[in-house]
Amino acid sequence: MWSPTEEEKYGVVICSFRGAVPQGLVLELGETVQILEKCEGWYRGVSIKKPNVKGIFPANYIHLKKAIVSNRGQYETIIPLEDSVVTEVTATLQEWAVLWKQLYVKHKVDLFYKLRHVMNELIDLRRQLLSGHLTQDQVREVKRHLTVRLDWGNEHLGLDLVPRKDFEVVDSDQISVSDLYKMHLSSRHSVQQSTSQVDTIRQRHGEACRMPVPHHFFLSLKSFTYNTIGEDTDVFFSLYDVREGKQISERFMVRLNKNGGPRNPEKIDRMCALFTDLSSKDMKRDLYIVAHVIRIGRMLLNDSKKGPPHLHYRRPYGCAVLSIMDVLQSISEIKEEKDFVLKVYTCNNENEWCQIHENIIRKSSTKYTAPSSNYGLIISLQLLRGDMEQIRRENPLIFNRGVSVTRKLGFPDVIMPEMKIVGCDIRNDLYLTLEKGDFERGGKSVQKNIEVTMYVLYADGEILKDCISLGSGEPSRSAYHSFVLYHNNSPRWGEIIKLPIPIDRFRGSHLRFEFRHCSTKDKGEKKLFGFAFTPLMRDDGTTLSDDIHELYVYKCDENSTFNNHALYLGLPCCKEDYNGCPNIPSSLIFQRSTKETFSVSTQLSSTKLTQNVDLLALLKWKAYPDRVMDILGRLRHVSGEEIVKFLQDILDTLFVVLDDNTEKYGLLVFQSLVFIINLLRDSKYFHFRPVMDTYIQKHFAGALAYKELIRCLKWYMDRSAELVRQDHIQEAMRALEYLFKFIVQSRILYSRATCGMEEEQFRSSIQELFQSIRFVLSLDSRSSETLIFTQAALLNSFPAIFDELLQMFTVQEVAEFVRGTLGSMPSTVHIGQSMDVVKLQSIARTVDSRLFSFSESRRILLPVVLHHIHLHLRQQKELLICSGILSSIFSIIKTSSLEGDVVEEVEMMVESLLDVLLQTLLTIMSKSQSQEAGEYVSCLLSLLRQMSDTHFQHLLDNFQSKDELKEFLLKIFCVFRNLMKMGVFPRDWMVMRLLTSNIIVTTVQYLSSALHKNFTETDFDFKVWNSYFSLAVLFINQPSLQLENATPAKRKKILDKYGDMRVMMAYELFSMWQNLGEHKIHFIPGMIGPFLGVTLVPQPEVRNIMIPIFHDMMDWEQRKNGNFKQVEAELIDKLDSLVSEGKGDENYRELFSLLLLEKIEQETWRETGISFVTSVTRLMERLLDYRDCMKGDETENKKIGCTVNLMNFYKSEINKEEMYIRYIHKLCDMHLQAENYTEAAFTLLLYCELLQWEDRPLREFLHYPSQSEWQRKEGLCRKIIHYFNKGKSWEFGIPLCRELAIQYESLYDYQSLSWIRKMEATYYDNIMEQQRLEPEFFRVGFYGRKFPFFLRNKEYVCRGHDYERLEAFQQRMLSEFPQAIAMQHPNHPDDSILQCDAQYLQIYAVTPIPDNIDVLQMDRVPDRIKSFYRVNNIRKFRYDRPFHKGPKDKENEFKSLWIERTTLTLTHSLPGISRWFEVERRELVEVSPLENAIQVVENKNQELRTLISQYQHKQMHGNINLLSMCLNGVIDAAVNGGIARYQEAFFDKDYITKHPGDAEKITQLKELMQEQVHVLGVGLAVHEKFVHPEMRPLHKKLIDQFQMMRSSLYHELPGLDKLSPACSGNSTPRSNVLVSHGPMSPESIKLVHRHSPLNLLGSVRHSSSSLSSHTSSETGNLVILTDSSVGETAEDMYHMQASPSTSSLSSTHSAPSQMINSAPSSARGSPSLPDKYRHSREMMMLLPAHRDRPSSAMYPAAIMENGQPPNFQRAFIQQMIGPCKPCSDPNLSVADKAMPAAPSSWSLDSGTREALPFLSAHAGSILAPPVPPRSLSHGHYSLHFDAFHHQLSDAPPALPARTLRKSPLHPIPASPTSPQSGLDGSNSTLSGSASSGVSSLSESNFGHSSEPPPRTDTMDSVPSQAWNTDEDLETPYLPVRYSLSEPDVLESLKSQPCRSHSAPSGVIPQDTMDPPALPPKPYHSRLPNMENEEGMIIEDDDKHRPLHRKVSQPVSGGKEEQARVAWEHGIGEQ
């Protein structure tokens, strides 16, 4: 059976329990449990952590602890019976454990390890505390360490500060708020101290005069390693003050043997000393540790002949010093010893031995010799602080080592009374210094070696034993032998000896000094030749004075006897002595040597003996009865040390004198007493006050003294009004406390002796004395400064006498005395600041006195105290002192309230203080004086807390009028509001903040009824109500009350103590709102925002109470206005800002909707209400999404997407224009942050379009000032133009420039007009001159249900960042969606993927399809302009996928290779307000193999025409290599089967029969082939003129191969042999060539050796290939890598060796980065791949390319069949040696694009193998390093010749052509398969579809115009030398005539100013349309009318423009020029 437990109530889990039994309670190790019941080894109870869950657990898993049980039964509570500090440590460690792990996760590693260390220390200290083996002092110390560490950890973890008293947590209910505030302050202070210097906190509790902390040096000699002496040594350590030039401490002596170890083996590791009692002043002195080394041995160290070996002398050896200033910092920081090495220097001249340490310190290096090595004395030092008692307690180890206490010479700064009274430290030391001697030579040829021997002898001639100490650390001895200075008759010793003579042997003792000469001859005896002596005490009883004494030297010899010391004691010992006894018989045995002297100096440190004659005279006053007046007068001149030593004797003497003759000596005794009392106020003697107290209590016997003392005191006070000098009066005032002690004790003695006689006289005399005190205080001191000091002295001392008076009078009587005295002070505050302070300090000490703790006295004193405080607070004077007084009062009242009734006192304080306190607080808060604010807030809270219902009732009833009440309510509400807003208490003062909140909510409950009663009906006052509501709202929103953020333990603690105060205030607020009635309308819409803030507090009860108020507001507004527009507008506005601040959640949204819809159901206006609530709920959804996106680590894309979503909602759904505009600016800011300047401009344009050019005034909004609409729109336009400029989208900015220009022009603002026109002009210049990178576009599909709603199962097209290629973009997307899986194929996903709970990303590059085709087809528009329209204002994009239809022909795959072309249409054009938009529509078309072939051949023709044209018009300078390579590539490929494959495929009779509909297209292909032959002919003609002689063999080979090519085509195309002027004399003009310009196919290969001449051929990028060349620095010979897989084995594809027969695929196996290539699309992903290779295609799809285009990743190169390339490749790769066409392929890396174009080759089995080595051989050795790629001049030299004439009507609709070269600005994106920008699905060429085998034929434009109009020749990038206009077109070479009958055409060609144009356009009728003067407005769908502008200016021919580098240029323009010159120079030399 389960039975309730009796004793077992509380325990700790000692083993985790998993709760694997029915109703088992899961318990973790260390948890605490409350036990309710027990049953057979099991307990039932709860865990303290989870008090709501009950369960069972094994009894043996629990360690029981004692606890107190209260309220036994179902709701019993337990309080553990353990030390509260232990409980706190346990709870804190459990809280820290969770946070500690989080530190690691957040990478705060430093704090993590520090905290771990502190936690371990806490566990260890807790263990010590629990052990119970500590003494009380140790327990206190352990608790101190624990609390320091707890506070440190809480501070660093951001936890709450714990207020403590005596290491224990205080209970806020038991103390006043003022005390709690002070405890928080002191805890904060101790935390800060512990943080800065852990463990050095010493809590001092209000010491009146803090004792200075003495310092001590612990010195330990580790070793003396300077072993060259070879004799025993004595080392003396002392402290030396350099400035004063004297030793300040005794000496510490160490005796060492000749090996450097201690002479006494027991001293090993115990050679240590403690230099004690150094004051703070000493620590600032320039102190040194000085070590003198004295050796004991022969006279001369290195001369064994000098003296016999058995005689040892003390001889000076060396000295070492260490500056304490230098090491103080380092030894102060650590708590252990630190080692130092002291070099020992030897003295050069023994005569200067006494100064050696000074010479070393002064660095007089000539006077000493440095040691040969760095070794010497190794010592360790440690600095200790505190009195000796504390040092012994804290460092027992030091004292266990037998440390020698080495005192200061003289007394320390603070003399402790125990030296005198207790007797434990009686000191009687005489320090004697052997100064110097002057002795005669005595007839010897050399000077003497003098040794002094000293004895201490008693009066009877006995030598006193052990009374001479050479230094601490060694025992005292009976005789002293000085060290010997060699051959020196005037030795200077300077050696200090301590004489610790017993006090009883001091009188009558004397010192005798014997002088001997130490001979160094064989006998080596010491011969006595004289002596001196001195008594220790004078005849008058005074001790030898502290001075130098020159003693007489008396002659004597060894035979002289000193047995009868009386023989010499009668002689004078010194000059003073001689003067005292002039008549000395000359026949004495000892004769004085008049020429010899001997000097010693003495210093007495004695607590028993005095050297002062006046003091002795006072103590023996009866011996001098006639001198008593004089003796009393001279007491002032006796030193304080002497007085405190004989304090008791002096006081006894004074009172005896007083009793002897009161009349005569009374005043003098009084003055002496005052002098002694004031002496004890000095900090040096402060600790003698207890001695005085003891004396008064136990030894004082002056029973009659009180009468005279009262008389004298009154006499002094009464005279204070008359005297000018009041020093003695002020001294008497300062001594008031002890005078009263004497008076009271004297009266007690008298009363005791006489049984209480003369009581009335005593009382009346005290009454009179108090009248005199009041008289002094009431005097007007403004005119007299001395009087001020007298009053101040009196006020300071006055509170100290209360305790004495209480011994004689009742509490009420004393209180009346005090009230009268305090009341006599002037009550105004004008008496001067210093007096104010003194007055208040006196009041403060009165309040702190014992008297004030009695309630009887408080009732008497409080009115006068409060009166003075009230006056000061009114005038805002001395606020800090006043607050201190108030704190003390509240503290006392709080303590008293726990024991008795304080209603009356609180009532007094409320009346006097409440109003003035509020006023003071408002003033302080307005000045932000936080410390004063904190003090006064705590005072106000203390008062409010003490107030009961009665007090509040009285307070409210006492107001005379409603105005007064209103003013009071406004004040108190304002103070409360400021209290919550200003954060008077720091964030971590949780205890203080919660108590404050509790007091506020209680007070508000009292005041709200008064507010309702007085200000609701007719007297409604909006101001007071508004103040009340604001306060309530602020209160509920306080951070400290948001319990959801607190830990569970903290939340439980708060709820247990205070409940949820938010709910209390919410109920109060709701009931007050209901009380308002019809006045509610005054608070609409003003209170909507604040109330909304309250409802967003995450507390369900608060929400339930407050949300219905909105219904109320809607209802009242509906009644008044017929709608609730104001509520609606305000709610939406405020909701936005509050949610963005992080408030609100999904639950709130549901509750808001639920509660309001429920209320609205009953209303007549329900429809509009429901609509409004629904709309707000939907808004909340979006706002919450937006917030989550913003606050998370979400990426820029998600944030922008979310913002756009919300912005559109505001615009379209709830039509909140202001919010819409706000989000426009938020979106703009996001774009700016991400540096999307173009998008930022488009976003801002949305706002601009809402404004009109009108003068309507606009209010201040966001960051806009109040201004007119016109001004705002103008400012916006300028900003947008600026952003377009930063985003290099000048074409978008130009229409805005025009719009502004029109406005300026209409206002005649010509200055602004000029500026904007210049801006517009600059933008045109920028378009033509500045580089722009073409962005790349990527299509992204988001599939799967795990994506956010606005992305789920949608596809988007994104505008990439500059330089961002596919793999980088893919990586970025995957990092944005780390859970997503990248799909490896481009096919549309099926339903299984769309509906799965995952995230799939499908990404590939797409090609933009421009809308503005017209401008792209214009022949004369520069490519820089066209490149913009190719990639801007784009809504359509495409990508191509090759596939085989029907059976695949193994002989010729081109027959069945089709292209699937997908076109995507977006919701908005790119660029726009976002970098990506959703796909709205997708279309699929298929391109046939024949159409593909047509596009490929056409493209190559165009490329050739352009290149030839550039060479003809000298746009390509000097270097013909590019043309050579291009021609070689086409001709060689054609000869070896390139075009032949097309012939086989499409000119075959079978094909023609099967496809009759293709006849026209076949004809077109034939014509294009013929055209290619013709163009090649022209090219060869140009090549012949420009080719270098060295390259002639190559040219000849080209012509031979060209003949072969023609003949191979001859059978299919008769008449070909007549076409080429290079090969035949005649040619017939072609009459009908169809030129159809689709996007080009960029097949090419990479070339690669940086020093090879072939690379030079690629130095100009004039074509637009997706494949870019790379130069290899790793391969030395020429390597050509093909794009197709031409490997010998299939494995080659994976290994990618840098060889001619391998392919590089986008994979991790790719070749070195210098050898990049891309597979032609035909070879990629063809469905006809052999099955065994199909998996590799699947794997490679959509993988980010390593260095290749992703398109090759999508469609890998065709795999070898049987080790050979597939047929179509074998056939067509030959034609591919041609210049690469650097179309901006999005899949190329920046590196790819930055490389020069290079010739390409599809095969090495053809003539290329001959051509390349030939090139390498001939050019490689002679050519200079390659010329860097150059930008081409803009403009296009159109080739016009008969053979190409045709009618426009004959051509199919022209397609805009792609640029022939890489644009230097924006990379043009491409489809996954084709990097081309296809402009029309039907006619564009796939990158490497059927065309792959044919070369990357370029497109060109052969338009016709008989008279072309003049045109501007603009330049894109000018080569190093300026190009010429038409006047300079003469060239050294004649233009090639393509037929004999075309001179006119060529003449017209020559005469027109041609532009170097890198991008030939579509066929355009040149006489009817020119390029538009300005680009169309980019954000309007329609294009502006383009007019034919005739009068365009031709650019000045000699104006040079700087060369603008293209992205593809690897070197700067200057280097290009150098390289070109170098190359030409090289040719010249050859």
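Scoring rules and cut-offs
- Residues numbered from 1 in each chain as written.
- Predicted model: local features only at pLDDT ≥ 70, side-chain atom pairs only at ≥ 80, totals over all residues.
- Heavy atoms only, no water.
- Pairing = 2+ DSSP bridges.
- Helix = DSSP H or I, 4+ residues; strand = E, 2+ residues; numbered from the N terminus.
- Axes fitted to C-alpha atoms, helices over the stretch in contact; angles between N-to-C directions.
- Core = buried A, V, L, I, M, F, W, Y, C linked by side-chain atoms within 4.5 Å.
- Buried < 20%, exposed > 50% of the residue type's maximum accessible area, 1.4 Å probe, protein only.
- Contact = heavy atoms within 4.5 Å.
- Parallel < 35°, antiparallel > 145°, perpendicular 65-115°, else oblique.
- Left-handed = near helix turned anticlockwise from the far one by under 90°.
- Nonpolar A, V, L, I, M, F, W, Y, C, P; charged D, E, K, R; others polar.
- Expected span 1.5 Å × (residues − 1).
- Phe/Tyr/Trp six-rings, centres within 6.5 Å; stacked < 30°, edge-to-face > 60°.
- Salt bridge = Lys/Arg side-chain N within 4 Å of Asp/Glu carboxyl O.
- Patch = residues over 30% accessible without salt bridge, like charges linked within 9 Å, V, L, I, M, F, W, Y side chains within 5 Å.
- Areas by Shrake-Rupley, 256 points an atom, 1.4 Å probe, with all protein chains shown as cover.
- pLDDT = per-residue confidence, 0-100.
- 1 Å grid on protein atoms, 1.4 Å probe; cavity = no way out; pocket = protein on both sides within 12 Å on 5 of 7 lines; lining within 4 Å.
- Points joined across faces, edges and corners; volume = space filled by probe spheres on them.
- Disulfide = S-S within 2.5 Å.
- Polar contact = N/O pair within 3.5 Å; in protein donor to acceptor, adjacent residues only side chain to side chain.

### Some remarks on the sheet that holds strand S21 (residues 376-385)
Now for step 1: Read across the sheet, five strands follow the order S18-S21-S11-S15-S22 without closing on themselves; strand pairing throughout is mixed. The open sheet is flanked by strand S18 (338-343) and strand S22 (404-406), the only strands paired with a single partner. Within the sheet, the average angular offset between the axes of one strand and its neighbour, ignoring direction, is 30 degrees.
Now for step 2: Across three bridges, strand S15 (residues 272-278) lies against S22 in parallel orientation. Across the sheet, residue Leu274 finds its bridge partner in S22, namely Val405.

### Points about the nonpolar core
Now for step 1: In this structure, Phe742, Phe1029 and Phe1091 are the most contacted members of the largest nonpolar core, which totals 298 residues.
Now for step 2: The element contributing the most residues to this core is helix H29 (residues 903-927), with 13 residues.
Now for step 3: Once residues within four sequence positions are removed from consideration, Phe1091 is found in contact with Phe1029, Val1033, Leu1069, Trp1073, Met1106, Ile1109, Phe1110 and Met1113.
Now for step 4: Counting residues in hydrophobic clusters, the runner-up holds 62 residues, among them Tyr368, Leu430, Leu432 and Leu604.

### As for the packing of helix H27 (residues 855-874) against helix H28 (residues 879-899)
Between two packed helices, both the angle of their axes relative to each other and the distance between the axes serve to describe the pair.
Now for step 1: H28 packs onto H27 with a crossing angle of 150 degrees between their chain directions and a minimal axis gap of 10 Å. Viewed along their axes, H27 and H28 adopt a mutual orientation that is roughly antiparallel. For the element pair H27 and H28, the recorded crossing hand is left-handed. From H27, Arg858, Leu862, Val865, Ile869, His872 and Leu873 reach across to H28, where they touch Leu879, Cys882, Ile885, Leu886, Ile889, Ile892 and Ser896.
Now for step 2: Here the residues of the contact of H27 with H28 sort into ten nonpolar, two polar and one charged.

### Brief notes about helix H19 (residues 705-719)
Every α-helix carries 3.6 residues per turn, so stepping three or four residues along brings you back to the same face.
Now for step 1: The terminal C-alpha atoms of H19 lie 21 Å apart, and with 15 residues this matches the ideal 21 Å at 1.5 Å per residue to within 8%.
Now for step 2: Buried within H19 are the following residues: Ala705, Tyr706, Glu708, Leu709, Ile710, Cys712, Leu713, Tyr716 and Met717.

### Considerations on the packing of aromatic side chains
Now for step 1: Counted under the stated rule, the structure contains 66 aromatic pairs.
Now for step 2: With centroids separated by 5.2 Å and ring planes inclined at 75 degrees, the aromatic side chains of Phe1347 and Phe1377 adopt a geometry described as edge-to-face. With Phe1347 in the loop between strand S33 (1337-1343) and strand S34 (1354-1359) and Phe1377 in the loop between helix H49 (1366-1376) and strand S35 (1381-1382), this pair connects stretches of sequence that are 30 residues apart.
Now for step 3: Given a relative accessible area of 2%, Phe1377 falls into the buried group.
Now for step 4: Put simply, the rings of Phe973, Phe1020, Phe1022, Trp1025, Tyr1028, Phe1029, Trp1073, Phe1083 and Phe1091 pair up and form one aromatic cluster.

### What about the sheet that holds strand S27 (residues 510-518)?
Now for step 1: Taken together, the eight strands give an open sheet; going across it, the order is S25-S24-S27-S28-S29-S30-S23-S26, and neighbouring strands pair in antiparallel fashion. Edge positions in the sheet fall to strand S25 (479-481) and strand S26 (492-499), since each has one partner strand and no second. Taking each pair of neighbouring strands and ignoring which way they run, the sheet shows an average axis angle of 25 degrees.
Now for step 2: Two elements, strand S24 (residues 450-457) and S25, share three bridges in a ladder whose sense is antiparallel. Looking across to S25, one finds that Tyr455 is bridged to Ala479.

### Description of the pairing of strand S14 (residues 252-256)
Now for step 1: Among the five residues that make up S14, four are buried, leaving the element largely enclosed by the rest of the structure.
Now for step 2: With five bridges connecting them, strand S12 (residues 232-241) and S14 associate as antiparallel partners. Among the inter-strand pairings, Asp234 is bridged to a residue of S14, identified as Arg255.

### Some words on the pattern of salt bridges
Close approach of charged atoms allows side chains with opposite charge to pair.
Now for step 1: Counted according to the given criterion, the structure contains 85 salt bridges.
Now for step 2: The partner of Arg1461 in a salt bridge is Asp1440, with the nearest N and O atoms 2.8 Å apart. With a gap of 21 residues between them, Arg1461 in strand S38 (residues 1457-1470) and Asp1440 in strand S37 (residues 1434-1444) connect regions that are remote in the sequence.
Now for step 3: Ionic contacts of the salt-bridge type, sharing partners, join the residues Asp241, Glu244, Lys246, Asp282, Arg285 and Lys408 into one network.

### What to know about the pairing of S24
Along any regular strand, the residues point their side chains to alternate faces of the sheet.
Now for step 1: Counting buried residues along S24, eight of its eight residues qualify, which places the element largely inside the surrounding structure.
Now for step 2: Both faces of S24 are covered, namely the face carrying Ile450, Val452, Met454 and Val456 and the face carrying Glu451, Thr453, Tyr455 and Leu457.
Now for step 3: Note that S24 and S27 share eight bridges and pair antiparallel. Across the sheet, residue Met454 finds its bridge partner in S27, namely Phe513.

### A closer look at the packing of helix H31 (residues 949-957) against helix H33 (residues 990-1014)
Now for step 1: Contact geometry of H31 with H33 gives a least axis separation of 11 Å together with a crossing angle of 40 degrees. Where H31 crosses over H33, the handedness of that crossing is right-handed. Within the contact between the two elements, H31 uses Asp949, Phe952 and Leu956 and H33 uses Thr1003, Tyr1006, Leu1007 and Ala1010.
Now for step 2: Per-class residue counts for the contact of H31 with H33 are five nonpolar, one polar and one charged.

### Topic: a nonpolar patch on the surface
Now for step 1: Residues Tyr104, Val105, Val109 and Tyr113 make up a contiguous nonpolar surface patch of roughly 410 Å² in combined accessible area.
Now for step 2: Counting only elements with at least two residues in the nonpolar patch, the list comes to helix H1 (84-105) and helix H2 (109-131).

### Some words on the confidence of the model for the protein chain
Now for step 1: For the protein chain, the average pLDDT comes to 75, and 74% of its residues sit at 70 or higher.
Now for step 2: Considering only residues more than four positions removed or in separate chains, one finds that residues 1615-2013, a stretch of pLDDT under 50, has 1254 contacts.

### A few points about empty space enclosed by the protein
Now for step 1: Tallied over the entire structure, the rule returns 14 cavities of 30 Å³ or more.
Now for step 2: The calculated volume of the second largest cavity comes to roughly 90 Å³.
Now for step 3: What lines the second largest cavity is a set of 15 residues, among which Met253, Val254, Lys267, Met271 and Glu474 lie closest to the centre.
Now for step 4: Residue contributions to the lining of the second largest cavity peak at four residues, all from S14.
Now for step 5: Looking at the lining of the second largest cavity, its residues break down into six nonpolar, four polar and five charged.

### Let's talk about the side chain of Thr92
Now for step 1: Here Thr92 shows up in helix H1.
Now for step 2: Once residues lying within four places of it in the same chain are set aside, the contact partners of Thr92 are Leu150 and Asn154.

### Structural notes on the state of the cysteines
Now for step 1: The full count for this structure, using the stated rule, is zero disulfides.
Now for step 2: Of all cysteine sulfurs in the structure, the one in Cys1277 sits closest to Cys1297, which takes part in no disulfide; the separation is 9.4 Å.
Now for step 3: The exposure class assigned to Cys1297 is buried, which follows from its relative accessible area of 0%.

### So, unusual backbone geometry
Now for step 1: For the bond from Ile1084 to Pro1085, the omega torsion is 5 degrees, close enough to zero to count as cis.
Now for step 2: Within the secondary structure, Pro1085 is located in the loop between helix H36 (1061-1076) and helix H37 (1088-1095).
Now for step 3: Note that the residue after Leu1470, namely Pro1471, is joined by a cis bond; omega there is -5 degrees.
Now for step 4: Residue position: Pro1471 is located in the loop between S38 and strand S39 (1476-1487).
Now for step 5: Look at His107: it is not a glycine, yet its phi comes out positive at around 65 degrees.
Now for step 6: Within the secondary structure layout, His107 lies in the loop between H1 and H2.
Now for step 7: The exposure class assigned to His107 is exposed, which follows from its relative accessible area of 69%.
Now for step 8: The backbone phi angle of Glu878 is positive, close to 50 degrees, even though this residue is not glycine.
Now for step 9: Within the secondary structure layout, Glu878 lies in the loop between H27 and H28.
Now for step 10: Looking at Glu878, the relative accessible area reads 16%, which means it is buried.

### A word on the side chain of Gln1399
Now for step 1: Within the secondary structure layout, Gln1399 lies in the loop between helix H50 (1391-1394) and strand S36 (1400-1409).
Now for step 2: In this structure Gln1399 comes out as buried when scored by relative accessible area, which is 11%.
Now for step 3: Of note is the side chain of Gln1399, whose polar atom sits 3.1 Å from the backbone oxygen of Lys1346.
Now for step 4: Apart from residues lying up to four places away in sequence, Gln1399 is in contact with Tyr1343, Lys1346, Phe1347, Phe1377, Gln1379, Ala1380 and Ile1381.

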